Amino acid sequence: MKNKGLGESATFCSYHPLVNTLYFALTIGITMYSISPYFLAVTFLFSWIYSILLKGRSGMKCNAVISIFMLIIMVALNLFFNNNGATVLLYINTNRITLESICFGIASGVMLISIIVWFTCFNVIMTADKLIYLFGKAAPVLGLTLSMIFRFVPLLKSRFAEISLGQKCMDRGRGKGGFIMKARQLVKKVSILIAWSLEASIESADSMEARGYGLKGRSSFHLFKFSKRDIAALCLMLAAGLPVVAAAFKGMTNMYFYPKIVRPELDLWTALILMCYTVLVATPIVIDIAGEIRWRQLDLKM
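Conventions and cut-offs
- Residues numbered from 1 in each chain as written.
- Predicted model: local features only at pLDDT ≥ 70, side-chain atom pairs only at ≥ 80, totals over all residues.
- Heavy atoms only, no water.
- Helix = DSSP H or I, 4+ residues; strand = E, 2+ residues; numbered from the N terminus.
- Buried < 20%, exposed > 50% of the residue type's maximum accessible area, 1.4 Å probe, protein only.
- Contact = heavy atoms within 4.5 Å.
- Areas by Shrake-Rupley, 256 points an atom, 1.4 Å probe, with all protein chains shown as cover.
- Patch = residues over 30% accessible without salt bridge, like charges linked within 9 Å, V, L, I, M, F, W, Y side chains within 5 Å.
- Salt bridge = Lys/Arg side-chain N within 4 Å of Asp/Glu carboxyl O.
- Axes fitted to C-alpha atoms, helices over the stretch in contact; angles between N-to-C directions.
- Parallel < 35°, antiparallel > 145°, perpendicular 65-115°, else oblique.
- Left-handed = near helix turned anticlockwise from the far one by under 90°.
- Nonpolar A, V, L, I, M, F, W, Y, C, P; charged D, E, K, R; others polar.
- Core = buried A, V, L, I, M, F, W, Y, C linked by side-chain atoms within 4.5 Å.
- Polar contact = N/O pair within 3.5 Å; in protein donor to acceptor, adjacent residues only side chain to side chain.
- Expected span 1.5 Å × (residues − 1).
- Bend = angle between axes of the 7 residues up to and from the residue.
- Phe/Tyr/Trp six-rings, centres within 6.5 Å; stacked < 30°, edge-to-face > 60°.
- Lys NZ or Arg CZ within 6 Å of the ring centre and 35° of its normal.

1. Describing the overall build of the protein
So, step 1. The helix and strand inventory of the protein stands at 9 helices and 2 strands.
So, step 2. The order of helices and strands in the protein, counted from the N terminus, is α-α-β-β-α-α-α-α-α-α-α.
So, step 3. Across the 302 residues in the protein, those meeting the buried criterion constitute 37%.
So, step 4. Put simply, of all contacts in the protein between residues at least 6 apart along the chain, 76% involve residues at least 24 apart.
So, step 5. Summing over all exposed atoms, the protein offers an accessible surface of approximately 18400 Å²; the carbon and sulfur share of this is 69%.

2. Some thoughts on a nonpolar patch on the surface
So, step 1. Together, F69, I73, L77, F80, F81, L89, L90, I92, L99 and I261 make up an exposed nonpolar region whose accessible area comes to about 930 Å².
So, step 2. Sorting elements by how many residues they give to the nonpolar patch places helix 2 (residues 37-81) first, with 5 residues.
So, step 3. Among the residues examined, L90 registers a relative accessible area of 42% and is labelled partly exposed.

3. Notes on the packing of helix 1 (residues 17-32) against helix 8 (residues 228-249)
To characterise two packed helices, one gives the angle between the axes of the helices and the distance between these axes.
So, step 1. The interhelical angle for the contact between helix 1 and helix 8, taken along N-to-C directions, is 15 degrees, at an axis separation of 10 Å. Between helix 1 and helix 8, the interaxial angle falls into the category roughly parallel. When the axes of helix 1 and helix 8 are compared, the crossing they make is left-handed. Taken together, the residues of helix 8 that come into contact with helix 1 (itself represented by V19, L22, Y23, L26 and I30) are D230, A233, L234, M237, L238, G241, V244 and V245.
So, step 2. Of the residues that constitute the contact of helix 1 with helix 8, the class distribution is 11 nonpolar, 1 polar and 1 charged.

4. Quick look at the packing of helix 1 against helix 3 (residues 99-125)
So, step 1. Packing of helix 1 against helix 3 leaves a shortest axis separation of 9 Å and a crossing angle of 170 degrees. Of the possible angle classes, the one that applies to helix 1 and helix 3 is roughly antiparallel. Judged by residue contacts, N20, Y23, F24, T27, I28, T31 and M32 of helix 1 engage M111, S114, I115, W118, F119, C121, F122 and I125 from helix 3.
So, step 2. Split into classes, the residues belonging to the contact of helix 1 with helix 3 amount to 11 nonpolar, 4 polar and no charged.

5. Here we look at the nonpolar core
So, step 1. If you look at the biggest cluster of nonpolar residues, it comprises 47 residues, and the most contacted ones within it are F12, Y23, F24, Y50, W118, Y277 and L280.
So, step 2. Taken together, the elements giving at least two residues each to this core come down to helix 1, helix 2, helix 3, helix 8 and helix 9 (268-301).
So, step 3. Considering each element in turn, this core owes the most residues, 9 residues, to helix 3.
So, step 4. Dropping the residues within four chain positions of it, L280 is found in contact with Y23, L26, T27, I30, M237, A240 and G241.

6. Let's talk about the side chain of T31
So, step 1. As for its position among the elements, T31 is in helix 1.
So, step 2. Given the relative accessible area of 1%, T31 is considered buried.
So, step 3. Within the local environment of T31, its side chain forms a polar contact with the side chain of T43, the two groups lying 2.9 Å apart.
So, step 4. Setting aside residues up to four positions removed in sequence, T31 forms contacts with T43, M111, S114, I115, W118 and Y277.

7. Details of helix 2
Turn by turn, an α-helix covers 3.6 residues, leaving residues three or four places apart pointing in a common direction.
So, step 1. Here helix 2 is 45 residues long, yet its end C-alpha atoms lie only 23 Å apart, well below the 66 Å a rise of 1.5 Å per residue gives.
So, step 2. Of all bends in helix 2, the biggest is about 130 degrees, found at K55.

8. Observations regarding the packing of aromatic side chains
So, step 1. Counting across every chain of the model gives 10 aromatic pairs.
So, step 2. Look at Y23 and W118: their rings are 6.0 Å apart centre to centre, the planes differ by 80 degrees, and that puts the pair in the edge-to-face class. Pair noted here: Y23 is in helix 1 and W118 is in helix 3, with a separation of 95 residues, a long-range link. Both residues of the pair, Y23 and W118, belong to the buried class.
So, step 3. Aromatic rings pair up to connect F12, Y15, Y23, F24, W118, F119 and F122 into one cluster.
So, step 4. Its end group placed over the ring of W196, R159 keeps NZ or CZ at 5.1 Å from the ring centre.
So, step 5. Sitting over the face of the ring of Y15, R229 holds its NZ or CZ atom 4.2 Å from the ring centroid.

What follows is the structure, encoded as structure tokens:
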């Protein structure tokens, strides 16, 4: 679990797709409209905790690389293309470098990083069969497209690893030769990957069409049933999430950076809304940890 994470064996993953969808819709939606440091700190912290819980150390390394890259990009863009702000730190030629633009760049970077990390968690929890179940009747093309998009990157990674292994078995790409030889070998691997992916996509399209996907009256098999625990989780998420959504519309999750930084006050109402948001984002983490403890206790008894 420490190295690979829980993955699809997480307890929250076994909940109904509507519960999973509602959680990520509320979490990611609120994050997109929250620039206040209090809410950014909560969403950033819990997104990382949940990502590590689901994906382990490998996910942590990937998220760290993406986070550093995105933070540098956002701060650099605000430094050189946003001259607003009253607190001028220095001039680069005629370009004003302000404290407000730096702080806004950091806040925007943290918000964007949190959204990306939440989507990596979404990719683990929301499997292809869940997306097809949710959109199969209302929008079958959209459901199939979404399921293919979210599985596209991990599928390409596994195929590229398989191609590299096959090339090594043929005594190619073992580090022999110079830079030109390695570049040619990489181009060959990429061309094989593209050809394989295009051929597989055509086969998938023909297979779905032959099975009558998207036709009127077509039924599909699924094992998803709405149970009492799903109802309890749904009620908890709505009770914790709806006040935060209302507060976001009123601007309580916002912060002013221009012309001067105005730090939002942490009054009683803001603290209560922040507590509701903490309960919302921590719900699946508590569910998964409780599930792991329960499974370990059963293993010890057996």
